[in-house]
Amino acid sequence: MTDKPTGKPADQAPHKGSSLLRRYLGPLGILALPLMLGGCTLPSFYGFRGATKQGHDSFLLFSGTVIAAIVVGTIVVLLILWAVLRYRRRSDEMPKQFQYHIPLEITYTVIPILIVLALFGFTVVTENAVDAVSPHPAVAVKVTAFQWGWRFDYSGQHVSVLGETTQDPDPVGLNGRPCAPAVDCLGPGLVMPAGETTRITLVSADVVHGFYVPAFNFSRYALPGVTNVFDFTVKHPGIYRAQCTQFCGLYHALMFFHVVALPPAQFRAWLRSEQASSQPAASHPAASVASSRQGSPAASVKAAA
Amino acid sequence: MTLLAEHPAVLHGHPEHHEGPTGVLKWLTSTDHKVIGLSYMITSLVIFFIAGGMAILLRVQLASPHSSLLSLQQYNELFTMHGSLMLYLFAGPFAFGGLANYIIPLQVGAPDMAFPRLNALSYWLYLTGSITMLMGFFTAGGAAAFAWVAYAPLSSAIHSPGAGADLWIVSLLLTGFSAVFTGVNLVTTIFYLRAPGMTMFRLPIFTWNMLVTAILILIAFPVLTAAMVFLFADRHFGTHIFSVKGGGVPVLYQHLFWFFGHPEVYILALPYFGMVTDIIPVFSRKPLFGYKGMVFATMSIAALSTGVWAHHMFTTGVVLLPFFSLMSLLIAVPTGIKFFNWIGTMWRGQIRFDTPMLFCVGFLLAFLMGGLTGVMLASPPIDFLTHDTYFVVAHFHQVLFGTAVFAGFAGFYFWFPKMFGRKLNEPLGKIHFWLMFIGFWVTYLPMYVLGLKGMPRRVATYPSGLGWHLLNQVASLGSYLIAISFLFFLWNIWTSWRHPVAAGANPWDAHTLEWFTSSPPPHHNYLKLPPVRSERPTWDYFHPDARTISHNGRRNGHVKVGAEVGSTGGSDQ
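This one's a predicted model, so the numbers in the text were calculated from it and none came from an experiment.

## With respect to the interface of chain B and chain A
Then, number 1: Contact residues are listed per partner, giving 98 residues for chain B and 84 residues for chain A.
Then, number 2: Taken together, the two surfaces of chain B and chain A that pack against each other cover about 7800 Å², and 71% of this comes from carbon and sulfur.
Then, number 3: Of all residues in chain B, the largest losses of buried area upon contact with chain A belong to F289, Q350 and F384 of chain B, amounting jointly to 9% of the total for that side.
Then, number 4: Connecting chain B to chain A are 0 salt bridges.
Then, number 5: Across the chain B-chain A interface, the total number found is 23 residue pairs in polar contact (both at pLDDT 80 or more).
Then, number 6: Elements with a contribution of two residues or more to the side of chain B that touches chain A: α4 (72-108), α8 (250-284), α9 (291-305), α10 (322-330), α11 (332-346), α12 (355-377), α13 (380-386) and α15 (426-452) of chain B.
Then, number 7: When grouped by side-chain class, the residues that make up the side of chain B that touches chain A number 58 nonpolar, 28 polar and 12 charged.

This is how it looks when you write it as structure tokens:
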């Protein structure tokens with residue numbers, strides 16, 4: 001601020017205006033913080049930082065909103081505690097029976113509106129980024145959720161991975177290499193290239209399921225009658241555990257899968273080896289083929305790491 | 001107004017020649033709103049304890065990974081029934097069937113509800129519906145196991161065969177009608193049976209909130225009833241409204257359900273906001289700060305709540321419209337107004353921390369966190385990363401436990417002396433509060449972390465090695481603490497039953513009309529009414545020198561009503 005208060009009435013007006021501006025922009029500034037800091041320094045608040053490009057955008061919004069919520073919550077808690085502790089009944093004196101203070105009421109109506117509009121602005125920007133689908137994805141996978149398992153069809157590649165939860169998940173790779181930690185490798189593996197865009201087309205074969213990869217900060221329903229399309233751009237190779245989130249019946253709690261992000265070259269090698277294998281899983285009715293195979297990409301990513 | 005003509009009869013009171021049957025026959029045949037209100041409250045509290053017991057079973061199961069206490073099917077039935085009982089049969093009926101039924105006619109100065117027989121029908125439909133839902137446990141296939149939302153097509157005849165699911169649907173049809181009848185009754189009572197001088201802007205906030213709630217019931221419940229009829233038709237009459245095979249649209253069920261479901265959240269919350277808003281001023285010895293702002297905030301919450309249903313469906317991918325996000329976020333504004341009004345009421349008051357007030361402060365803190373996380377969930381990208389996880393479980397339990405339990409028991413402790421003419425034991429009430437308050441935070445804070453670590457809701461078991469074990473254990477410990485706190489509540493009731501301490505008409509030095517009559521009130525509620533010059537007629541009567549001052553220093557209510565009050569049945573009758 002350049003102008004200092006000199007006590008002259010003429011200077012009062014602009015100064016008052018700018019302090020008013022600062023008061024209203026304060027909450028906006030808190031929300032803008034994540035963008036200014038670039039996000040890497042933001043606290044995670046026990047959440048995932050987002051292993052995909054899209055998920056990282058969601059994380060920035062999440063973290064910034066938590067900070068704003070903590071600021072607002074702290075102010076309100078302090079007001080409540082102050083009132084509770086300071087105004088405990090100490091005598092039988094009658095307190096002043098005031099009821100209205102219009103300027104104050106307008107203030108605490110307007111400030112929340114501004115905060116909420118700022119959050120809405122960031123929401124729209126982030127949502128557009130997260131929901132955007134690339135016109136030219138590197139890989140397209142059709143994911144079918146069913147009671148109780150997952151099927152991943154690689155469009156145009158004649159490759160299909162299928163796994164059912166009712167079977168005991170087998171986290172051990174083909175060549176005996178363990179997929180560690182085993183708990184990350186439950187259920188069938190959805191293999192995708194790291195650093196490239198993967199298009200997921202999500203459908204359901206029966207009831208509503210929830211396609212949820214916690215580390216990607218993303219979930220979407222597999223809805224019968226609806227085809228959902230979204231993109232993942234995984235940043236680094238790795239294994240990311242995943243699970244059905246929408247209650248879908250008896251074995252809902254066991255409907256696991258996992259995402260295996262391979263370096264692009266290894267991904268294509270995996271795809272070729274799947275094509276070469278004599279019995280495509282697509283024609284195989286049972287999950288045994290896939291569930292014994294799903295450890296393979298997992299093992300190779302460990303080798304790559 | 002023709003109704004005015006009826007009032008002199010009320011004001012002169014019905015001496016006790018009106019006594020009907022006593023004992024069991026009284027409870028079975030009464031159309032007195034007080035008896036029906038108590039029936040509602042007792043039934044819903046029994047259901048609360050049943051559903052709470054189920055919650056403890058669920059928490060024991062989740063306290064360790066790979067637990068085998070309950071089978072998958074048993075767990076699925078129990079969490080479905082826990083949610084259904086709590087939401088459909090406890091939280092709503094306890095407020096709008098129980099407390100509102102008892103308190104609203106008293107607060108507006110009416111002898112009874114507008115339609116006493118309809119009121120009785122409401123209760124019996126509710127009781128029948130409740131028993132119908134619980135009967136599911138005694139069928140061959142077990143109770144319904146498709147979560148309290150019963151999404152199609154999981155709730156279809158193919159995926160959920162068996163009578164348990166049908167009983168669940170029929171139960172919602174019965175209790176849905178019960179709620180609509182109660183809604184009609186409340187609206188009519190509040191509009192047409194107010195005492196002389198009781199203008200709309202002199203209604204207690206609890207009454208205001210019940211009016212708005214009743215209107216929301218009339219908007220929302222018919223939609224639920226319709227959805228249930230469709231679901232039942234799909235299951236038994238071969239229609240294909242929600243099945244893809246016959247050209248139906250499964251996601252339509254979610255639209256219908258949440259068009260009921262989100263207003264339902266406010267049907268469950270607004271009555272409890274009203275209770276808190278009536279209680280805080282009493283224990284602060286001050287009028288409610290920003291009374292009119294409070295009324296408009298309630299109205300705008302109700303209006304907004306009918307346009308936000310799709311925020312439960314962000315992850316369906318079919319409603320990515322930012323409109324629903326904006327509407328949902330905007331609800332934070334009137335809710336914030338309420339918070340500041342509650343704080344403003346306590347500000348510079350003389351606050352006494354009797355049990356009801358303690359529960360109110362517990363509500364403020366619980367609902368604050370539930371509300372703030374609710375704002376986060378209104379943003380679709382944040383919803384994507386928390387949807388159907390324990391983050392959401394923690395959020396809505398903080399909201400619903402905050403309202404229905406903290407505020408609900410604030411109301412219970414507050415109005416118990418009015419209903420039974422007896423006091424409850426203060427130390428026991430305070431132990432109940434503190435145990436529950438600590439248990440509440442110990443239970444739900446870890447759940448937020450669990451959700452952010454990726455634990456989905458409605459899972460009967462989870463693998464070890466994910467870092468979920470300890471947090472689940474802590475949450476379970478908290479839930480046991482909550483359960484223990486309710487033993488003190490029951491002990492308190494028992495003490496008051498065995499060793500009654502007379503409460504008197506107005507033990508709290510309260511503000512609203514119901515504290516003017518005896519405890520419990522006589523058959524038609526009032527033998528005489530005080531003049532109603534503000535929203536605090538009882539306070540004005542007992543503290544003529546401590547009337548409300550408006551912000552510009554003038555005293556409210558003096559200008560136009562004085563003469564009218566004297567002529568329409570003042571205090572000197």
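That was the structure; now back to the text.
## Details of the side chain of N228 of chain A
Then, number 1: Inspection of the secondary structure assignment puts N228 of chain A in strand β8 (residues 228-233).
Then, number 2: The class of N228 of chain A is buried, set by a relative accessible area of 4%.
Then, number 3: Polar side-chain contacts of N228 of chain A include one of 3.1 Å to the backbone oxygen of Y221 of chain A.
Then, number 4: Once residues within four sequence positions are removed from consideration, N228 of chain A is found in contact with I200, T201, L202, R220 and Y221 of chain A together with T316 and G317 of chain B.

## Remarks on helix α7 (residues 205-236) of chain B
All names here are of chain B.
Then, number 1: Counted at 1.5 Å a residue, the expected span for α7 with its 32 residues is 46 Å, and the 45 Å between its end C-alpha atoms agrees.
Then, number 2: Of all the bends in α7, the greatest reaches close to 30° and is centred on L218; the proline P222 follows between one and four positions later.
Then, number 3: α7 sits mainly inside the fold: 23 of its 32 residues count as buried.
Then, number 4: G238 lies just past α7 and shows a positive phi near 75°.

## What to know about α4 of chain B
Residues and elements named next belong to chain B.
Then, number 1: Relative to the 54 Å expected for 37 residues at 1.5 Å per residue, α4 spans 50 Å between its end C-alpha atoms, a close match to the ideal helical length.
Then, number 2: The largest bend in α4 amounts to roughly 55° and is located at A100.
Then, number 3: Across the 37 residues of α4, 35 count as buried, placing the element largely inside the fold.
Then, number 4: Looking at the residues trailing α4, positive phi occurs at G109, about 80°.

## Brief notes about the packing of helix α2 (residues 53-86) of chain A against α11 of chain B
Then, number 1: It is the contact of α2 of chain A with α11 of chain B, at a shortest axis distance of 9 Å, that shows an interaxial angle of 25°. The angle between the axes of α2 of chain A and α11 of chain B places the two elements in the roughly parallel class. Considering how the two elements wind past one another, α2 of chain A and α11 of chain B form a crossing that is left-handed. Of the residues in α11 of chain B, those touching α2 of chain A at V76, L79, I80, A83 and V84 of chain A are F339, F340, I343 and M346 of chain B.
Then, number 2: Within the contact of α2 of chain A with α11 of chain B, the residues separate by chemical class into 9 nonpolar, no polar and no charged.

## Details of the packing of helix α3 (residues 33-62) of chain B against α4 of chain B
All names here are of chain B.
Then, number 1: One way to put it is that α3 packs onto α4 with a least axis distance of 7 Å and a crossing angle of 155°. Overall, the two elements α3 and α4 adopt an arrangement that is roughly antiparallel. In the crossing of α3 with α4, the sense of the turn from one axis to the other is left-handed.
Then, number 2: Each residue belonging to the contact of α3 with α4 can be placed in one class, and the counts come to 28 nonpolar, 9 polar and 1 charged.

## Section: the sheet that holds strand β7 (residues 218-222) of chain A
Residues and elements named next belong to chain A.
Then, number 1: Pairing in this open sheet of 5 strands is mixed, and the strands run β4-β10-β9-β6-β7 from one edge to the other. If you trace the sheet from one side to the other, it starts and ends with β4 (189-193) and β7, each paired once. Neighbour-to-neighbour, the strand axes of the sheet open up by a mean angle of 25°, direction not taken into account.
Then, number 2: Sheet strands touched by helix α4 (residues 264-276): β4 and β10 (256-262). Its angle to β4, the strand with the most contacts, is close to 130°.

## Examining the sheet that holds strand β2 (residues 149-154) of chain A
Residue and element names in this part refer to chain A.
Then, number 1: Read from one edge of the open sheet, 5 strands run β3-β2-β1-β5-β8, paired in mixed fashion. Every other strand in the sheet has two partners, leaving β3 (159-164) and β8 as the edge strands with one partner each. For this sheet, the mean angle separating the axes of adjacent strands, direction not counted, is 20°.
Then, number 2: As paired elements, strand β5 (residues 197-204) and β8 share 6 bridges and run antiparallel to each other. Bridge pairing links T201 to V229 in β8.
Then, number 3: Packing of α4 onto the sheet brings it into contact with β1 (139-146), β2 and β3, and relative to β3 it is tilted by some 85°.

## Considerations on the confidence of the model for chain A
All names here are of chain A.
Then, number 1: Residues with a pLDDT of 70 or more make up 72% of chain A, whose mean pLDDT is 78.
Then, number 2: When mean pLDDT is compared element by element in chain A, strand β6 (residues 209-213) scores highest at 96, while helix α5 (residues 288-293) scores lowest at 38.
Then, number 3: Overall, residues 168-177 carries pLDDT values under 50, and its contacts beyond four positions in sequence, including any with other chains, amount to 17 contacts.
Then, number 4: Considering only residues more than four positions removed or in separate chains, one finds that residues 280-305, a stretch of pLDDT under 50, has 56 contacts.

## Remarks on the pairing of β10 of chain A
All names here are of chain A.
Then, number 1: Within β10, 7 of the 7 residues are buried, which leaves it mostly tucked inside the rest of the structure.
Then, number 2: A two-sided burial pattern is seen for β10, the buried positions comprising F256, H258, V260 and L262 on one face and F257, V259 and A261 on the other.
Then, number 3: As paired elements, β4 and β10 share 5 bridges and run parallel to each other. Each residue of the ladder has a partner; that of M192, found in β10, is A261.
Then, number 4: Bridge count for strand β9 (residues 238-244) against β10 is 6 bridges, and the pairing is antiparallel. Each bridged residue has a counterpart across the sheet, and for G238 the counterpart in β10 is A261.

Rules used in this analysis
Residues numbered from 1 in each chain as written. Chains lettered and ligands numbered in written order. Predicted model: local features only at pLDDT ≥ 70, side-chain atom pairs only at ≥ 80, totals over all residues. Heavy atoms only, no water. Contact = heavy atoms within 4.5 Å. Buried area = accessible area lost by both parts, 1.4 Å probe. Salt bridge = Lys/Arg side-chain N within 4 Å of Asp/Glu carboxyl O. Polar contact = N/O pair within 3.5 Å; in protein donor to acceptor, adjacent residues only side chain to side chain. Helix = DSSP H or I, 4+ residues; strand = E, 2+ residues; numbered from the N terminus. Nonpolar A, V, L, I, M, F, W, Y, C, P; charged D, E, K, R; others polar. Buried < 20%, exposed > 50% of the residue type's maximum accessible area, 1.4 Å probe, protein only. Expected span 1.5 Å × (residues − 1). Bend = angle between axes of the 7 residues up to and from the residue. Axes fitted to C-alpha atoms, helices over the stretch in contact; angles between N-to-C directions. Parallel < 35°, antiparallel > 145°, perpendicular 65-115°, else oblique. Left-handed = near helix turned anticlockwise from the far one by under 90°. Pairing = 2+ DSSP bridges. pLDDT = per-residue confidence, 0-100.

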